[in-house]
Every structure is written in structure tokens, then in C-alpha cells.
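# Examining the three-dimensional arrangement
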Amino acid sequence: MAPDASPPSKDGEAPAPHAPSTEEFLQEQASPEFGELRKAHRSFAFPLTVAFIVWYLAYVLLSNYAGDFMGTKLFGNINVALVLGLGQFLTTFLIAWFYSRHANAKLDPKAEAIKSRLEAGA
């Protein structure tokens, strides 16, 4: 059996995809398509990560050093700290939702094209 040949299928399964070599991975990594994928990911993930860390640290610092402000009652027993704390959860879910939409629209098609090319042995 040749080293690049796929193993025989079992029970009618499709043969395993081509296993790319290290050289093929490095060649793909240097391709413009991979650079576009990396840029699309970084241009979305890095700014949102920085923004969330700043928002989180602001909440922690306000909790530590602005107790009177955070204890300000807005209505009933609901104070600023509770609203901002719940805002942390809300922004976490919103960022995850935005990232999912971004990945589905921009990242997944590019990644699938690269994966298909590597598995085809092109």
C-alpha cells in the first residue's frame, strides 16, 4: 500500500481525507487566503476582547473604590452594582452571539475552503 493512499473503508464508510504534510501546512499558512482568515478573526476578536476586559476591570474597580456610587439605589432594592453586574452577563452573551454570527458569515467559509484544499492534497 502506498504511504499517501487512504486506508480501506470499513462498512461502506467514506475513505479518510488526505492527511496534509508539515510542508503543506506551512505552505497554506503562508497563503493569502490564510492571511485573510487570520485578519478577519483578529480584527473582530481582539477589539471585543480588549473592550470587555476594560468593561470588566471598570466594574471591579468601581466595586472596590466607589462603594457609595455602586450602592446607589435605583429603584426598590436594585442598586447600580446589581445592574452593572447583570450587565456583565448580558455583554458576555452578546459578545458570544456576535462572534457566532461573525464566524458563520466570515470565518467558517474561508476556513472550510482552506480545509477542503488541504484534505484534497492540492
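Structure's up top.
What comes next is a walk through the structure. (Residues numbered from 1 in each chain as written. Predicted model: local features only at pLDDT ≥ 70, side-chain atom pairs only at ≥ 80, totals over all residues. Heavy atoms only, no water.)

### With respect to the side chain of E24
Operational definition: Secondary structure is summarised from DSSP: a helix means a run of H or I of at least four residues, a strand means a run of E of at least two, and numbering begins at the N terminus for each. Partly exposed describes any residue whose relative accessible area lies between the buried limit of under 20% and the exposed limit of over 50%, with all areas from a 1.4 Å probe on protein chains only and scaled to the type maximum. Under the convention used here, Asp and Glu are negative, Lys and Arg are positive, and both His and the chain ends fall outside the count. Between Lys or Arg on one side and Asp or Glu on the other, a salt bridge is scored when a side-chain nitrogen of the former is within 4 Å of a carboxyl oxygen of the latter. Any two residues whose heavy atoms approach within 4.5 Å are treated as being in contact.
Structurally, E24 is set in helix α1 (residues 22-29). Despite its burial, E24 remains without a salt bridge, the nearest opposite charge being carried by R117 at 10.0 Å. Ignoring any residue separated from it by four or fewer positions in sequence, one finds E24 in contact with H18, A19, L118 and G121.

### Focus on the packing of aromatic side chains
Two measures describe an aromatic ring pair: the distance that separates the ring centres and the angle between the ring planes. Formally: When the centres of two rings from Phe, Tyr and Trp lie within 6.5 Å, Trp using its six-membered ring, the rings pair. Their planes under 30 degrees apart give stacked, over 60 give edge-to-face, and anything left gives tilted.
The final tally for this structure, using the stated rule, is two aromatic pairs. Ring centres of F44 and Y99 lie 5.8 Å apart, and the angle between their planes is 50°; on these two criteria the pair is classed as tilted. On the criterion of sequence distance, the pair formed by F44 in helix α2 (residues 32-65) and Y99 in helix α4 (residues 80-120) is long-range, its members being 55 residues apart. The class of F44 is buried, set by a relative accessible area of 19%. Overall, Y99 belongs to the partly exposed group, its relative accessible area being 31%. A ring pair is formed by W97 and F98, whose centres lie 5.1 Å apart and whose planes are at 45°; its orientation type is tilted. What makes W97 partly exposed here is its relative accessible area of 45%. Note on F98: relative accessible area 40%, which makes it partly exposed.

### Topic: α4
Stated precisely, the cut-off is as follows: Every helix has an expected span of 1.5 Å times one less than the residues it contains. A residue's bend is simply the angle between two axes: one fitted to the seven residues ending at it, one to the seven starting at it. Here a polar contact means two N or O atoms within 3.5 Å. Within protein one must be a hydrogen donor candidate and the other an acceptor candidate, and residues neighboring in sequence count only if both atoms are side-chain atoms.
The end-to-end C-alpha distance of α4 is 56 Å, a good match for the 60 Å that 41 residues give at a rise of 1.5 Å each. A bend of about 45° at A103 is the largest found in α4. Among the residues making up α4, those that are buried are V80, A81, L84, G85, G87, Q88, H102, A103, L107, I114 and L118. Next to the buried residues of α4 lie α1, α2, α3 (67-70), β1 (73-75) and β2 (78-79). The distance from a side-chain oxygen at the start of α4 to the backbone nitrogen of A81 is 3.3 Å, and the residue carrying that oxygen is N79. At the C-terminal side of α4, G121 shows a positive phi close to 80°.

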